[in-house]
Amino acid sequence: MNEFDAMYREVILDHYKNPRGHGEIEDADAQAEGQNPLCGDEVAIYVEFGPDGETIEDVKFRGRGCAISQAATSMLTEMVKGRSATEVASLPRDELLDEVGIPLTPIRLKCALLGLGVLKVALHKAKGTPLPEEWAGVDELQIS
Ligand code: FES
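Residues numbered from 1 in each chain as written. Predicted model: local features only at pLDDT ≥ 70, side-chain atom pairs only at ≥ 80, totals over all residues. Heavy atoms only, no water.

*Asks:* Tell me about the overall build of the protein, and please be specific about residues and values.
*Replies:* Within the protein, the regular secondary structure consists of five helices and four strands. Helices (α) and strands (β) of the protein occur, in sequence order from the N terminus, as α-β-β-β-α-α-α-α-β. The C-alpha atoms of the protein give 14 Å as radius of gyration, which agrees with the globular expectation for 144 residues (15 Å, within 12%). If you line up the protein on its principal axes, its C-alpha atoms span 45 × 30 × 25 Å. Out of the 144 residues in the protein, the part that is buried amounts to 44%. Surface accessibility of the protein: about 7200 Å² in total, with carbon and sulfur atoms responsible for 48%. Positive and negative side-chain charges in the protein, numbering 14 and 26 respectively, have mean positions lying 4 Å apart. (Helix = DSSP H or I, 4+ residues; strand = E, 2+ residues; numbered from the N terminus. Rg over C-alpha atoms; globule rule 2.2 N^0.38 Å. Buried < 20%, exposed > 50% of the residue type's maximum accessible area, 1.4 Å probe, protein only. Areas by Shrake-Rupley, 256 points an atom, 1.4 Å probe, with all protein chains shown as cover. Lys, Arg positive; Asp, Glu negative; His and termini not counted. Charge placed at Lys NZ, Arg CZ, Asp CG, Glu CD.)

*Asks:* If you had to explain a nonpolar patch on the surface to someone new, which residues and values would you point to?
*Replies:* On the surface, a nonpolar cluster with roughly 280 Å² of combined accessible area is contributed by Phe4, Met7 and Val11. Residue position: valine 11 is located in helix α1 (residues 3–17). On the basis of relative accessible area, valine 11 is assigned to the partly exposed category, the value being 33%. (Patch = residues over 30% accessible without salt bridge, like charges linked within 9 Å, V, L, I, M, F, W, Y side chains within 5 Å. Salt bridge = Lys/Arg side-chain N within 4 Å of Asp/Glu carboxyl O.)

*Asks:* Could you give an account of helix α2 (residues 67–80), naming the residues involved and the relevant values?
*Replies:* Between its terminal C-alpha atoms α2 stretches 20 Å, which fits the 20 Å expected from 14 residues at 1.5 Å a residue. When α2 is considered as a whole, its buried residues turn out to be Ile68, Ser69, Gln70, Ala71, Ala72, Thr73, Ser74, Met75, Leu76, Thr77, Met79 and Val80. The elements touched by buried residues of α2 are α1, β2 (41–49), β3 (56–64), α3 (85–89), α4 (93–100) and α5 (106–127). One or two residues past the end of α2 sits glycine 82, with phi positive at roughly 90°. (Expected span 1.5 Å × (residues − 1). Contact = heavy atoms within 4.5 Å.)

Take a look at the structure:
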């Protein structure tokens, strides 16, 4: 492992052990939950919009799963706060994967993208924002 990978692993473990944005938002404006059927791990995401009904004022998640899925979702909550629903709906998955920072196998990729998929579905349900085509790669995630 080179020193950059080691540093990213530290960051991932820190997010896993001390998740940011952990919890639920009562009466959330947008919400969805999803499961990775390969392992049964779950993430639920809650979003509160600001007075303009568009800016993500608060976002929280609860979940159960591997370090990558939970850490990536924790990183995601930090990345999207203050951004608009429309912008986040088209957020490229590479932006999150860059944040995660380590090379991922296809199976681990599904772990890392679980939270982002759930968030996009939550925004889609609440705002009608489109689900991007790149989602084709993570078809197996069961999100509702
Ligand atoms: Fe289940 Fe990672 S092993 S989401």
